[in-house]
Amino acid sequence: MFTNEKFSYKVIAMSTELIKAIIYLFVGVSIFIVSMRIMSSGLKKISGKGLKRLFKKTQNNPLAGLGIGTVVTTAIQSSDATSCIVLGFINAGAMTIYQGLSIILGAYIGTTITGVLVSFSSFSLSIYLLLFAFIGVILTFINNEKCKNIGEILTGLGFIFFSLEIMKSSFQNPDINLACSKIFSSLSNPFLLYLLGIVITALVQSSSAITGIVIIMISGGAIAVDSGIYIIIGATLGTVATTLLASVGGDIKGKRTAWICFVLRFITSFLTISILAILTTQNIYLGELLTQLFSSFEFAAAMFLVFYNLLFMPLLIPFLKPCIKLSEKLIKDKKEEGMKSVIHYIDAHLLKSPNIAIMQTKREIVHMFELSKENYIRGYERITKQTTEQDKSILEVEDQIDYLNKAITDFLIKLANNVSDEDSKKVGGYFHVINDIERIGDHACNFLDESKIMVEDELKFSDEAISEVDELNKIIIEMFDLALIIFRHNDTDDLKKLHILEEKTDELSKSLAQNHYHRITQNSCSPELTSFYSELITELERVADHLTNIGYSIVDPIGDELE
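Per chain, residues are indexed from 1 in the order of the written sequence. Totals for whole chains, interfaces and linings use every residue, but because this is a predicted model, local features are given only for residues with pLDDT of at least 70 and side-chain atom pairs only at 80 or more, for both listing and counting. Just so you know, side-chain values use all the structure's heavy atoms and leave hydrogens and water out.

K.L.:
Lay out the overall build of the chain in plain terms, naming residues and giving numbers.
P.N.:
Segments assigned H or I by DSSP are reported as helices when at least four residues long, segments assigned E as strands when at least two residues long, and all are numbered from the N terminus. When helices and strands are tallied, the chain shows 24 helices and zero strands. Accessibility here uses a 1.4 Å probe with only protein chains present; expressed as a share of the type maximum, an area under 20% marks a residue as buried, one over 50% as exposed, and anything in between as partly exposed. The proportion of buried residues among the 563 residues of the chain is 48%. Between two residues, a contact is recorded if the distance between any of their heavy atoms is within 4.5 Å. Taking as baseline every contact in the chain between residues at least 6 positions apart, the subset at least 24 positions apart corresponds to 78%. In these tables, accessible area is a Shrake-Rupley quantity obtained with a 1.4 Å probe, and a residue counts as shielded only by the protein chains included in the view. If you sum the accessible surface of the chain, you get close to 27800 Å²; carbon and sulfur atoms cover 61% of it.

K.L.:
How would you explain the pattern of salt bridges if you had to name every residue and give the values?
P.N.:
The salt bridge definition used is simple: a Lys or Arg side-chain nitrogen within 4 Å of an Asp or Glu carboxyl oxygen. Scanning all chains against the criterion turns up seven salt bridges. A salt bridge links Glu 374 to Arg 378, with the nearest nitrogen and oxygen atoms 3.8 Å apart. Of this pair, Glu 374 and Arg 378 both sit in helix α19 (residues 354-385), four residues apart, roughly one helical turn. You can call Arg 378 buried: its relative accessible area is 18%.

K.L.:
Quick rundown of a positive patch on the surface? Include the residues and the values.
P.N.:
Note that patches include only residues with greater than 30% relative accessible area and no salt bridge, and the join distances are 9 Å for like charges and 5 Å for nonpolar side chains (Val, Leu, Ile, Met, Phe, Trp, Tyr). The convention is simple: Lys and Arg are positive, Asp and Glu are negative, and His and the chain ends are not counted. Where a charge sits is defined by one atom per residue type, namely NZ (Lys), CZ (Arg), CG (Asp) or CD (Glu). There is a patch of like positive charges on the surface, built from Lys 321, Lys 325, Lys 329 and Lys 332. In this fold, Lys 325 is placed in helix α17 (residues 320-330).

K.L.:
So what's going on with a negative patch on the surface? Residues and values would help.
P.N.:
A cluster of acidic residues, Glu 456, Asp 457, Glu 458 and Glu 528, forms a negative patch at the surface. By the secondary structure assignment, Glu 458 is in the loop between α21 (421-456) and α22 (463-489). Residue class for Glu 458 comes out exposed when judged on its relative accessible area of 74%.

K.L.:
Account for helix α10 (residues 190-204), naming residues and giving values.
P.N.:
One fewer than the residue count of a helix, multiplied by 1.5 Å, yields its expected span. Spanning 15 residues, α10 covers 21 Å between terminal C-alpha atoms, matching the ideal 21 Å at 1.5 Å per step. Within α10 the residues assigned to the buried category are Pro 190, Leu 193, Tyr 194, Gly 197, Ile 198 and Thr 201. Viewed along the axis of α10, the buried residues span an arc of 145 degrees, placing them on a single side of the element. For this analysis, a polar contact is any N or O atom pair within 3.5 Å, provided that within protein one partner can donate a hydrogen and the other can accept it, and provided that sequence-adjacent residues contribute only side-chain to side-chain pairs. One side-chain oxygen of the residue at the start of α10 lies 2.8 Å from the amide nitrogen of Phe 191, identifying that residue as Asn 189. Just beyond α10, the residue with positive phi is Gln 205, at close to 60 degrees. Summarising the geometry, the arc corresponds to the directions from the helix axis toward the C-beta atoms.

K.L.:
With reference to specific residues and values, describe the nonpolar core.
P.N.:
Ranked by size, the top nonpolar core spans 70 residues in total, and within it Phe 32, Leu 105, Leu 164, Ile 233 and Met 313 carry the most contacts. Counting residues per element, this core draws most heavily on helix α16 (residues 297-316), at twelve residues. When sequence neighbours within four positions are dropped, the list of residues in contact with Leu 105 reads Leu 66, Met 313, Leu 316, Ile 317 and Leu 320. The definition of a nonpolar core used throughout is a set of buried Ala, Val, Leu, Ile, Met, Phe, Trp, Tyr and Cys residues joined through side-chain atoms within 4.5 Å. Membership of the second largest hydrophobic core comes to 63 residues, among which are Ile 365, Ile 401, Leu 415 and Val 543.

K.L.:
Go over the side chain of His 546, please, and point to the residues and values.
P.N.:
The residue His 546 is located in helix α24 (residues 530-552) in this model. What makes His 546 buried here is its relative accessible area of 14%. When sequence neighbours within four positions are dropped, the list of residues in contact with His 546 reads Asp 436, Arg 439, Ile 440 and His 443.

K.L.:
Tell me about the environment of Leu 244, and name the residues and values.
P.N.:
Among the structural elements, Leu 244 can be located in helix α13 (residues 240-247). Judged by its relative accessible area of 18%, Leu 244 falls in the buried class. Aside from chain neighbours lying at most four places away, what touches Leu 244 is Ala 258, Trp 259 and Phe 262.

K.L.:
Pulling in residues and values, what's your account of a nonpolar patch on the surface?
P.N.:
Residues Phe 191, Val 263, Phe 266, Ile 267 and Phe 270 make up a contiguous nonpolar surface patch of about 410 Å² in total accessible area. Examining the composition of the nonpolar patch, we find that four residues originate from one element, helix α14 (residues 252-281), more than from any other. Checked against the element boundaries, Ile 267 lands in helix α14. The partly exposed category is assigned to Ile 267, whose relative accessible area is 46%.

K.L.:
Quick rundown of the packing of aromatic side chains? Include the residues and the values.
P.N.:
To pair, rings of Phe, Tyr and Trp, with the six-membered ring standing in for Trp, must have centres within 6.5 Å; the planes then decide the type, stacked if under 30 degrees apart, edge-to-face if over 60, and tilted in the middle. Inspection of the entire model under this criterion finds twelve aromatic pairs. Each ring, one from Trp 259 and one from Phe 262, has its centre 5.6 Å from the other, and the planes form 80 degrees; the classification is edge-to-face. Within this pair, Trp 259 and its partner Phe 262 are both found in helix α14, separated by three residues, close to a single helical turn. Residue classification places Phe 262 among the partly exposed residues on the basis of a relative accessible area of 28%. Measuring from centroid to centroid gives 5.3 Å for Tyr 308 and Phe 312, while their planes differ by 65 degrees, and the two rings are edge-to-face. Remark: Phe 312 and Tyr 308 occur in helix α16; sequence separation between them is four residues, near one turn of the helix.

K.L.:
Break down the side chain of Glu 468 for me, citing the residues and quoting the values.
P.N.:
Mapping Glu 468 onto the fold places it in helix α22. A polar contact of 3.2 Å, which involves the side chain of Glu 468, links it to the side chain of Asn 515. Ignoring any residue separated from it by four or fewer positions in sequence, one finds Glu 468 in contact with Leu 512, Asn 515, Arg 519 and Tyr 533.

K.L.:
I'd love a proper account of unusual backbone geometry, names of residues and values included.
P.N.:
The backbone phi angle of Gln 386 is positive, close to 55 degrees, even though this residue is not glycine. With respect to the helices and strands, the residue Gln 386 is situated in the loop between α19 and α20 (391-415). In this structure Gln 386 comes out as buried when scored by relative accessible area, which is 18%.

K.L.:
Lay out the packing of α21 against α24 in plain terms, naming residues and giving numbers.
P.N.:
Between N-to-C directions, angles span 0 to 180 degrees; the directions come from axes that are lines fitted to C-alpha atoms, helices contributing only their stretch in contact. Running from N to C, α21 and α24 cross one another at 165 degrees; their axes reach a closest spacing of 9 Å. The orientation of α21 with respect to α24, classified from their angle, is roughly antiparallel. Handedness of the α21/α24 crossing: left-handed. Mapping the contact onto sequence places Val 433, Asp 436, Ile 437, Arg 439, Ile 440, His 443, Asn 446, Phe 447, Glu 450, Ile 453 and Met 454 in α21 and Phe 532, Glu 535, Leu 536, Glu 539, Leu 540, Arg 542, Val 543, His 546, Leu 547, Asn 549 and Ile 550 in α24. Only Asp, Glu, Lys and Arg are considered charged, only Ala, Val, Leu, Ile, Met, Phe, Trp, Tyr, Cys and Pro nonpolar, and every remaining residue, Gly among them, polar. By residue class, the composition of the contact of α21 with α24 is twelve nonpolar, four polar and six charged. Small angles under 35 degrees read as roughly parallel and large ones over 145 as roughly antiparallel, with 65 to 115 read as roughly perpendicular and the rest as oblique. Definitions for this section: a left-handed crossing has its near helix turned counterclockwise from the far helix by less than a right angle. A right-handed crossing has that turn clockwise.

K.L.:
Could you give an account of the packing of α22 against α24, with specific residues and numbers?
P.N.:
Contact geometry for α22 and α24: axes closest at 8 Å, N-to-C directions at 15 degrees. Relative to α24, the element α22 is oriented roughly parallel. Of the two possible hands of crossing, α22 and α24 adopt the one that is left-handed. When α22 is examined against α24, the residues Ala 465, Glu 468, Val 469, Leu 472, Ile 476, Met 479, Phe 480, Ala 483, Ile 486 and Phe 487 are found in contact with a partner set consisting of Tyr 533, Leu 536, Leu 540, Val 543, Ala 544, Leu 547, Thr 548, Ile 550 and Gly 551.

Okay, structure coming up:
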């Protein structure tokens, strides 16, 4: 009886320890994922704007893009965030697919630092890294935005190491360790583990989190190094699910970018798994080789991911342009097909009659100009009145303007080879005119974007500020009408008037800026509005410049004003 009671107590004690270990494991995983987000959030806040400016400066140098993507993702610790920012730029037309892909490939390299950080938990020094959380929490109480952001980063980092300690202690439980070992030994097939990595990462939407958890499992002996590597390779493909989701509802270029990322990631990951599977049949195990090279199982797995991305990502660069061309053929733009109805006057058949083609091109440009004026008015009302009724129209008309810009440009390129020297100057001028019109359309969208941010921040221009900027808007509307008359009828008599109106916008812009700062000193306007008001004035002034260029294009192909 006594023996049976003693045995029962042991069973109860064992089951209690197992339950506690399982709870600690779930809590550890939860803290790890949340900590990653906290750290990433802080990093994005402290460097987000600068990183976006860096993206905009990217040229068509793929190696530069690769470097920028690596640096940016190392800084913000989220390849998904980098990919989403890049897709945003591609959708907005601020970046080509080629530029964006090189940055995303760099992002895949940059995100490997998470695995290296996690592997540090195998060193005795890791216990002291927990203090980051304590220091970070203290910094968040300091009334300084920069200190708060740094505190958020350190808090996230500290809790990452804390969560790793919790998970490690859970895997030290013999029952959990044995259960995991049995599960993964039954899933010894590299392709099954690869598929598991894809599915889990697609659900969690963070390859960094899955990589970190797998490395901790390797550390606790719950999974072999080779099995962990197969799951990590699957995670590199699963993370593209976020990029694919971000492309939904976006521009066709964004969708092509996302699918190219998926295909390239699939090819590299599947090729690697296939090679490793073949090596395994020859009793050659990569995990054993890496473990001999590095001091710990965890570090070996982390360094595999670093080497994997450092090897494949640069090798993919030569294949980017062929992939882009193939995607254009395979992924058709249904929206673009429907957009053809936007073209009213030009047609390929007109190229046989260059004189008529030039006349029709001018009519199409006038049509494009009218669309830009309509959208400018919508955008201006959006930012000054913060009405949302026209948001959909602004975006739809912007797409039409962009499509016309491309269609007219392509038409002019074909037409340029068939016109006389005199008409060649007109064609050259038209290139500059449609560029100015397209930029006016962009300003309308900028008004929409700025207005959305103002609404989120609960900011609104004062009635006095709107009244003043309305005066500038009236002059610009007058310039729209005048520039159209000049361009349509080649009316040089009104050029001087257009020039005078443009000078008025410059003078009034300076006056509006001074009045705004005066209102701030009188506490009748919020300082937080300064950047938005200054940007609005600058945008309006640029619209005036584009309209002046359009008017003067009839006497100078590049639209410069006469002396």
